[in-house]
Amino acid sequence: MSDIENLGGAPADQPKSAPEDRAVAGPFDESEANPVRPYVDLGGVKVLPREGLHLRLEVEEGSKRVVAIGLDYANSTLQVQPFAAPRSSGLWHEIRTQIAEQIARQGGTTSVREGAFGPELLAQIPVAGADGATGHMRLARFVGVDGPRWFLRGVIAGEAAVDPAAAAKVEDLFRSIVVVRGSTPMPPRDLIPLRMPAAGAQPQQ
């Protein structure tokens, strides 16, 4: 499955989609985060280290720029991407529809359900085997939260896509993420720049 990097299209005036307690329970805006917690700074997001968590940077081949953060935790994977968003309206309702259309074109199926963060997309995505044939389906959960001037998308796979105990751990991890929007003007749906962590806080490769 190709990752959606720049989500494209003109922003519609959609309501925000986020948990009612987002400002106190996360995902957090930089202004809401606890300043004394030992976050790993990845530019557009900050991640709180925890035991058993392995961090991967997903890098675009040609430009070598970081386009997503991969978090391996609780026998699951969580891919996160932060995007610029309008101040007063949300992106998740429209983007969710676009993701479903993209997966349908790939031969997969999706269904919308109410999850820990509001509406989420449960997807079955065809996976190509070694011979190029799409022999089986990969289960993934697409979650999204509209924050102040940003949108955070997560893709959950592995045990957290099917097992409630693993799901709770990965949902808590997603909640702990801090989005750093910055003050630079950016068109809505542009990926907020990500970067390697500073020396001494290198991720697992």
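Attention in this report is confined to the structure presented alongside it. From a predicted model like this one, the values you see are computed outputs, not experimental measurements. Along every chain, residues carry numbers that run from 1 in the direction the sequence is written. At least 70 in pLDDT is required for a residue's local features to be given in this predicted model, at least 80 for side-chain atom pairs to be given and counted, and no such filter applies to totals for whole chains, interfaces and linings, which use all residues. In computing side-chain properties, one takes all heavy atoms of the structure into account and sets aside hydrogens as well as water.

### Some words on the packing of aromatic side chains
Given two aromatic rings, their pairing is described by the distance between the two centres and the angle made by the two planes. The line we're drawing: For this analysis, a ring pair means two rings from Phe, Tyr or Trp (six-membered ring only for Trp) whose centres lie within 6.5 Å, classed as stacked if their planes differ by under 30 degrees, edge-to-face if by over 60, and tilted for the remaining angles. Note on conventions: DSSP H or I runs of at least 4 residues are helices, E runs of at least 2 residues are strands, and numbering of each starts at the N terminus. Exposure is judged per residue with a 1.4 Å probe applied to protein chains only, and the accessible area is read against the type maximum: over 50% gives exposed, under 20% gives buried, and values in between give partly exposed.
Applying the stated criterion across every chain yields a total of three aromatic pairs. With a centroid separation of 6.3 Å and 25 degrees between ring planes, the pair formed by Phe 83 and Phe 151 is classed as stacked. With Phe 83 in strand β6 (residues 76–84) and Phe 151 in strand β10 (residues 150–158), this residue pair connects regions lying 68 residues apart in the sequence. One exposure class covers both Phe 83 and Phe 151, and it is buried. With a centroid separation of 5.6 Å and 25 degrees between ring planes, the pair formed by Trp 92 and Phe 151 is classed as stacked. Linking Trp 92 in helix α2 (residues 92–105) with Phe 151 in strand β10, this pair joins segments that are 59 residues apart in sequence.

### Considerations on the sheet that holds strand β11 (residues 178–179)
Put simply, the test is: A pair of strands counts as paired when DSSP detects no fewer than two bridges linking them.
Here four strands make up an open sheet; going across it, the order is β1-β11-β3-β2 and the pairing mixed. Two strands in the sheet have a free side with no partner beyond their single neighbour: β1 (28–29) and β2 (40–41). The pairing of β2 with strand β3 (residues 45–47) spans two bridges and is antiparallel. Bridging across to β3, Val 40 finds its partner in Val 47.

### Notes on α2
We apply this condition: By definition here, a helix of n residues has an expected span of 1.5 Å times n minus one.
The end-to-end C-alpha distance of α2 is 20 Å, a good match for the 20 Å that 14 residues give at a rise of 1.5 Å each. What α2 keeps buried is the set Trp 92, Glu 94, Ile 95, Arg 96, Ile 99, Ala 100, Gln 102 and Ile 103. A positive backbone phi angle near 95 degrees is found at Gly 107, which sits one or two residues after α2.

### With respect to the pattern of salt bridges
Two side chains that carry opposite charge are able to pair once their charged atoms sit near each other. Note the threshold: Criterion for a salt bridge: a side-chain nitrogen of Lys or Arg within 4 Å of a carboxyl oxygen of Asp or Glu.
By the definition in use, this model includes 11 salt bridges. Residue Arg 175 is joined to Asp 21 by a salt bridge in which the shortest nitrogen-to-oxygen separation is 2.9 Å. Taken together, the residues span a long stretch of sequence, with Arg 175 in helix α3 (residues 164–175) and Asp 21 in the segment before α1 (22–25) at a distance of 154 residues. The residue Arg 22 makes a salt bridge to Glu 32 at a minimum N-O spacing of 2.8 Å. Of this pair, Arg 22 sits in helix α1 while Glu 32 sits in the loop between β1 and β2, and the two are 10 residues apart along the sequence. A cluster of three or more residues bridged by salt bridges with shared partners is formed by Arg 113, Glu 120, Arg 141 and Glu 171.

Take it as geometry only, folks, not as evidence of what the structure does.
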